[in-house]
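# Summary of structural features
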Protein chains: 2
Amino acid sequence: MAGSLHLFRGRNCVTPGAPQDAARETPCASPGDPPRVRHQRFMLRLLKHPGPPADKRADCPAMSEIRASRPLSVRSQAARKLVRRAVRAALCTALPGLGPGSRAVADPDADPLAGAPFGSLVTLATDQTGAPVLLLSRLAEHTRNLTADPRAALLVIDSDTVHANPQEDARVTLLGRIAPDPDPALRRRFLARHPYAEMYAGFADFAMHRMTVTRAHVVGGFGVAGWIEDPETLLVPSDIATALDAAEEAACAHLTRTRAGDLTRIAGPGAWRVVALDADGLDVVPDGPPDSGPALRLAFAQPVASVEDADAALIALVAEDP
Amino acid sequence: MAGSLHLFRGRNCVTPGAPQDAARETPCASPGDPPRVRHQRFMLRLLKHPGPPADKRADCPAMSEIRASRPLSVRSQAARKLVRRAVRAALCTALPGLGPGSRAVADPDADPLAGAPFGSLVTLATDQTGAPVLLLSRLAEHTRNLTADPRAALLVIDSDTVHANPQEDARVTLLGRIAPDPDPALRRRFLARHPYAEMYAGFADFAMHRMTVTRAHVVGGFGVAGWIEDPETLLVPSDIATALDAAEEAACAHLTRTRAGDLTRIAGPGAWRVVALDADGLDVVPDGPPDSGPALRLAFAQPVASVEDADAALIALVAEDP
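Residues numbered from 1 in each chain as written. Chains lettered and ligands numbered in written order. Predicted model: local features only at pLDDT ≥ 70, side-chain atom pairs only at ≥ 80, totals over all residues. Heavy atoms only, no water.

As a further point, take the pattern of salt bridges. This structure, assessed with the given rule, holds 46 salt bridges over all chains. With its nearest N and O atoms 3.1 Å apart, the salt bridge here joins A:Arg265 to A:Asp262. Taken together, the residues A:Arg265 and A:Asp262, both in helix H8 (residues 260–267) and three residues apart, mark about one turn of the helix. The class for A:Arg265 is exposed, based on a relative accessible area of 53%. We note a salt bridge from B:Asp278 to B:Arg297, for which the minimum N-O separation is 2.7 Å. In this pair, B:Asp278 is assigned in strand E8 (residues 272–278) and B:Arg297 in strand E10 (residues 296–299), connecting sequence segments 19 residues apart. Pair check on accessibility: B:Asp278 and B:Arg297 agree, each one buried. Connected through shared salt-bridge partners, A:Arg80, A:Arg84, A:Arg188, A:Arg189, A:Arg193, A:Asp245, A:Glu248, A:Glu249, A:Asp278, A:Asp280, A:Asp283 and A:Arg297 make up one network. (Salt bridge = Lys/Arg side-chain N within 4 Å of Asp/Glu carboxyl O. Helix = DSSP H or I, 4+ residues; strand = E, 2+ residues; numbered from the N terminus. Buried < 20%, exposed > 50% of the residue type's maximum accessible area, 1.4 Å probe, protein only.)

What follows deals with the relation of the copies chain A and chain B. Laying chain A over chain B is done by rotating through 180° and shifting 0.0 Å along the axis; what remains is an RMSD of 0.0 Å. Those values place the two copies in the arrangement expected of a two-fold rotation axis. Mapped onto chain B, 100% of the interface residues of chain A again fall at the interface, so both copies present the same surface. (Least-squares fit on C-alpha atoms with pLDDT ≥ 70 in both. Contact = heavy atoms within 4.5 Å.)

All right, on to the confidence of the model for chain A then. When pLDDT is averaged across chain A, the result is 78; 71% of the residues are at 70 or more. Across residues 99–105 of chain A, confidence stays below pLDDT 50; counting only partners more than four residues off in sequence or on other chains, it has seven contacts. (pLDDT = per-residue confidence, 0-100.)

Here we come to the packing of aromatic side chains. Residues and elements named next belong to chain A. Scanning the entire structure with this criterion turns up four aromatic pairs over all chains. When the ring of Tyr-200 is compared with that of Phe-206, the centres are 5.3 Å apart and the planes differ by 45°; the resulting orientation is tilted. Note that Arg-215 overlies the ring of Trp-227, its terminal NZ or CZ placed 5.3 Å from the centroid. (Phe/Tyr/Trp six-rings, centres within 6.5 Å; stacked < 30°, edge-to-face > 60°. Lys NZ or Arg CZ within 6 Å of the ring centre and 35° of its normal.)

All names here are of chain A. Ordered by their spatial adjacency, three strands build an open sheet running E8-E9-E10, and the pairing between neighbours is antiparallel. Each of the sheet's edge strands pairs with one partner strand only, and the pair in question is strand E8 (272–278) and strand E10 (296–299). On average, each strand axis in the sheet is inclined to that of its neighbour by 30°, with strand direction left out of account. The sheet contact formed by strand E9 (residues 281–286) and E10 spans four bridges and is antiparallel. Its bridge partner being in E10, Asp-283 is matched across the sheet by Arg-297. (Pairing = 2+ DSSP bridges. Axes fitted to C-alpha atoms, helices over the stretch in contact; angles between N-to-C directions.)

This part takes up the interface of chain A and chain B. The interface of chain A with chain B comprises 58 residues on the first partner and 58 residues on the second. Among the residues chain A hides against chain B, the three largest losses belong to A:Pro117, A:Leu121 and A:Arg151. Together they make up 13% of the total. At the junction of chain A with chain B, the criterion picks out two salt bridges. Ionic pairing is found between A:Asp169 and B:Arg88, a salt bridge with its closest N-O pair at 2.3 Å. Taken together, chain A and chain B are joined by 14 residue pairs in polar contact (both at pLDDT 80 or more). Contributions of two or more residues to the side of chain A that touches chain B are made by helix H2 (35–48), strand E1 (88–94), strand E2 (117–126), strand E4 (151–157), strand E5 (171–180), helix H6 (198–201) and strand E6 (206–221) of chain A. If you tally residues by element for the side of chain A that touches chain B, the top one is E2(A), at seven residues. (Buried area = accessible area lost by both parts, 1.4 Å probe. Polar contact = N/O pair within 3.5 Å; in protein donor to acceptor, adjacent residues only side chain to side chain.)

See below:
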């Protein structure tokens, strides 16, 4: 993972289990420092610090829920967790300008809209690897934009924690390309997360799309920011993803049947149905008539590699949140 | 106002006071129709309907809070209201690519990041005309992007109404250019809305920026979308804005002093201080030690043209919300 990590606010910067000398190499601003001092430190790091050497890297936790040392960088973990549980995102695309095929000659002087940024609201899910999955209508502005230039950004903001200053909210921007993808697993996982979309998912102008992520920018709060330049760290290894994809439907039914009590303890009163399962967690909906809202995400404490691991991770969630 | 209005869901499409024949010219989907029928109507309108002639235009309310017929189009009113009360937005910018000045030769084949969309979270306020005002650090990715290409989009999502399907949320995308602006009124209005930003607003790398809006795209909910191509309809006329700018600080103090009871009735228990005033409403904060959150927006039912009008509009809010 390249890129540097920038610190402004005083946070716990020691990754548990990381060598203390690595932590000393990336001194954090102290909460007791006056704001100007902390900001100067932040600027200094931003402008000059190359970051610790890879073998000593002890990334500072960008978000408070990152508690344990893991093989993946804390920044990648945080980004993955945010994207996995997101139900909505801001999609950034480039307007094609006034004429067809104008991207190739995107010239703002000739056409002020050629290549100009556009933003829209989308709902999202993820495929087994963690790549974003969207249901888009070809009649929508953003889909027309993507047809001319598939390059896009998805901004996901942590909606679980509300801060007085919205700049404190954790968020991740995924950069990559978005294209239609007929893989039936995408539709299944999207509709598991967004059951109300069944109403229009079959219309002729709608199609499933997948984002191929090339890099990501993570902001853990005010002044805590950094790039993830290796998209692999955001994704589940393909052999694990393939195995979980094949097992997903049966595993959902099995967990719904055998873990009813555990699901109630974690997700809340009533009966719950597991509708999606991946290496990072489960999607559950209230059992009964179709619910009007998105599925609830239950995130595992650590990524799992098999259905058996998922079962154990679910039980671990009960112990964690009694 | 050019562009067509697209309807999908059954909504009240008659602007009160508008001629009924205009309403008949833009038939709405009926809530009783099966989804496929409603969607076909939506597609038909989207692809073929030029919209009613300007003199008979009766725009369908994009948002439920639009209740009365007014000189401005309902779509512009809705967009203005959303932007005025927004405390945060998604900022869409274009990455400059790998080299300086690469925008001019934005060639995705040579540099896959040249001109690629980027998305980030910003906090915002508005100037007296309604143009978005941002406090940006030159160290942030989005500011570097804007330096290379000032074209940007701001996506504002209605946070006051929560829908089961996020696609139902009203939102507006403002398109335009963002540049630094030293006008002291911008800083004053931004800090009135975001008092916690006082801590870092004076740092050397931060500067106030203003967006010059060139067009906007409004989505009132699923399938209800349209362009606003005349940015003037989103803004307060400059003579009114200039007069209110000159009167703002004294008027805020006056309303705080003379309308304490009314403010409590509208904004909630406790004493409130008016910290900003414009043609579309007021920003108020709890009186006392600095509050940790953004100011609360009190929107007038209709735009006002003077401080006297603002006083009357505030009293009208009490009658409306007893």
